[in-house]
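One-letter residues, chain by chain:
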Amino acid sequence: MPRRQLLLRLQLLSNPAVLCGVRGAVSPIAEVVGFSEEDCRAITLAVDEAIANIIRHAYDGKLDRAIEIRFNQISLENGKKNGLEIILLDHGAKPKPDALEGLPPGELRSGGLGLHFMRQSMDTVVHKRVGSTNRLYMVKFVR
Amino acid sequence: MEISARHLENTTIFDVIGDIDLANSPAVRKALLVELREKKIPRVIMNLQRVKYIDSSGIASLVEGLKASRDVQSRLILFGLSKSAREVLQLSRLIKLFEIYENEEQALAAESA
């Protein structure tokens, strides 16, 4: 079992205006865990895209709904392997199955890139529906 | 984010300052579509030198602009991509579809592909 330590918990509204502030918090947290500058940018992108997806799809663009984000430092193998687990919680609509598949990038289309970015940026991206809550788990380990 | 336009002969240059994300990508999309679809400007150039961050909604706005430019047979050109913006465009695997230059001089001098 990985050891977990809560580094930061954020509670925010589903307003795109908050994205800038959240991005400002993510990179320093990733740095604390030991990620490179490039990985910090990738993690920031993944979190931004995850929140944007919640705002657009789970909350259908409503600006006043609650989103919670937990950043946990995790370690495996007696601390030899460190990583960051990010859990996003919302109480919006359950995603449609095709929304979790994403769309193939590289084609000249303007939708479906967000999930692709999240999967490219993180080692693991898993969605779970628990009661009326969507939980998105994203994990990345320091290389 | 701020977006302002400079108008030259047959060309509009948009100077964008700040992040392009879900909060403001609609403004970028609207600005591009007005110049391309409504005004049918032959060449629209995006100065992204002061854009430190762009997400999938920003890329989607640029894609909409690119589609519009193809529909009206004009050109959409980008220049001054930050490391972060370039990484995101590469991740989208759409980077080769765009006409991209290092600076404004090159963007203005570039002949149509």
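Our subject is the structure that appears above.
Residues numbered from 1 in each chain as written. Chains lettered and ligands numbered in written order. Predicted model: local features only at pLDDT ≥ 70, side-chain atom pairs only at ≥ 80, totals over all residues.

(A) Expanded view of the sheet that holds strand S4 (residues 124-130) of chain A. All names here are of chain A. Strand order in this open sheet of five strands is S1-S2-S3-S5-S4, and the pairing throughout is antiparallel. With partners counted over all chains shown, the strands left at the sheet margins are strand S1 (3-13) and S4, one partner each. With strand direction ignored, the average angle separating the axes of adjacent strands in the sheet is 15°. Two elements, S4 and strand S5 (residues 133-141), share seven bridges in a ladder whose sense is antiparallel. Paired with Val-126 across the bridge in S5 is Tyr-137. Each of strand S2 (66-76), strand S3 (81-90) and S5 is contacted by helix H2 (residues 37-58), which is oriented at about 15° to S3, the strand it contacts most. (Pairing = 2+ DSSP bridges. Helix = DSSP H or I, 4+ residues; strand = E, 2+ residues; numbered from the N terminus. Axes fitted to C-alpha atoms, helices over the stretch in contact; angles between N-to-C directions. Contact = placed C-beta atoms within 7 Å.)

(B) Quick peek at the packing of helix H1 (residues 25-38) of chain B against helix H2 (residues 56-71) of chain B. Residue and element names in this part refer to chain B. Running from amino to carboxyl end, H1 crosses H2 at an angle of 5°, the nearest separation of the two axes being 9 Å. The orientation of H1 relative to H2 falls into the category roughly parallel. Of the residues in H2, those touching H1 at Ser-25, Val-28, Arg-29, Leu-32, Leu-33, Leu-36 and Arg-37 are Ser-57, Gly-58, Ala-60, Ser-61, Glu-64, Gly-65, Ala-68 and Ser-69. Of the residues belonging to the contact of H1 with H2, the class tally is six nonpolar, six polar and three charged. (Parallel < 35°, antiparallel > 145°, perpendicular 65-115°, else oblique. Nonpolar A, V, L, I, M, F, W, Y, C, P; charged D, E, K, R; others polar.)

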